[in-house]
Amino acid sequence: MSPIKNQLGRIEEIIDLVRQQEPQRQDIVKSLKQCSGGKWISSGYYKFYALKNGNKGPKWEFRENIVLEHKFLGLIVLDLLKNGRIAGIEFINLIED
C-alpha cells in the first residue's frame, strides 16, 4: 500500500478540508465524523463499510458530489447520499490508468 493510502485513514484531514473549503456544510462534517471503517475498492476510491448493499436498494440514493482540493493529495471527491451519509471518497490523483 502506498504511503499516501496509509495516511488517508485520518478522516480529520478531510473534515478540516470541508471546514476550510465548504464552511457552510456542517452536515458533511457531521457525516464524516460518523463514518467508521471502510476499504479501498479501487486504486483511488475508499468506500465506507456502512454500505453493505452496494448501490442497490433505498439506502444508496446518490444526492451530490463535493469536490475538495488538498495541496498534497490533489482533488478529492466526496459521494453524498440522500440520507446524509457519505458513501465514499475518491482520490483523483490515486486513480491508476
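Structure: above.
Described below are features of the structure shown in this document. Model, not experiment: these values are computed from the prediction. (Residues numbered from 1 in each chain as written. Predicted model: local features only at pLDDT ≥ 70, side-chain atom pairs only at ≥ 80, totals over all residues. Heavy atoms only, no water.)

**Examining a nonpolar patch on the surface**
Among the surface-exposed residues, Val67, Leu75, Ile92 and Ile95 lie close enough to one another that they form a single nonpolar patch of about 300 Å² accessible area. Looking at the element boundaries, Val67 is found in strand β3 (residues 62-70). (Patch = residues over 30% accessible without salt bridge, like charges linked within 9 Å, V, L, I, M, F, W, Y side chains within 5 Å. Areas by Shrake-Rupley, 256 points an atom, 1.4 Å probe, with all protein chains shown as cover. Salt bridge = Lys/Arg side-chain N within 4 Å of Asp/Glu carboxyl O. Helix = DSSP H or I, 4+ residues; strand = E, 2+ residues; numbered from the N terminus.)

**A closer look at the pairing of strand β2 (residues 45-48)**
Moving residue by residue along a regular strand, the side chains alternate between the two faces of the sheet. Strand direction decides the pairing type here: strand β1 (residues 38-40) and β2, joined by three bridges, are antiparallel. Considered in β2, the bridge of Trp40 is made with Tyr46. Counting the residues in the hairpin turn of β1 and β2 gives four residues. The pairing of β2 with strand β5 (residues 86-91) spans three bridges and is antiparallel. In the strand pairing of β5, Tyr45 is matched with Glu90. (Pairing = 2+ DSSP bridges.)

**A short note on the nonpolar core**
Of all hydrophobic cores here, the largest spans 18 residues; its most connected members are Ile14, Ile28, Leu32, Leu68, Ile76, Leu78 and Ile89. Contributions of two or more residues to this core are made by α2 (11-21), α3 (26-34), β3, β4 (74-81) and β5. Take this core: its biggest share by element is four residues, from α2. Look past the residues within four positions of Leu78 in its chain and what remains in contact with it is Ile14, Val18, Ile28, Leu32, Glu64, Asn65, Ile66, Leu68, Gly88 and Ile89. (Core = buried A, V, L, I, M, F, W, Y, C linked by side-chain atoms within 4.5 Å. Buried < 20%, exposed > 50% of the residue type's maximum accessible area, 1.4 Å probe, protein only. Contact = heavy atoms within 4.5 Å.)

**Comments concerning the sheet that holds β5**
Read from one edge to the other, the open sheet built from five strands follows the order β1-β2-β5-β4-β3, with strand pairing classed as antiparallel. Two strands bound the open sheet, and with one partner strand each, they are β1 and β3. Averaged over all pairs of adjacent strands, the angle between strand axes in this sheet comes to 20°, irrespective of strand direction. Where β4 lies against β5, five bridges are found, and the strand directions are antiparallel. Across the sheet, residue Ile76 finds its bridge partner in β5, namely Phe91. Sheet contacts for α3: β3, β4 and β5; angle to β5, the most-contacted strand, approximately 95°. (Axes fitted to C-alpha atoms, helices over the stretch in contact; angles between N-to-C directions.)

Spatial relationships are all this shows, so hold off on functional conclusions.
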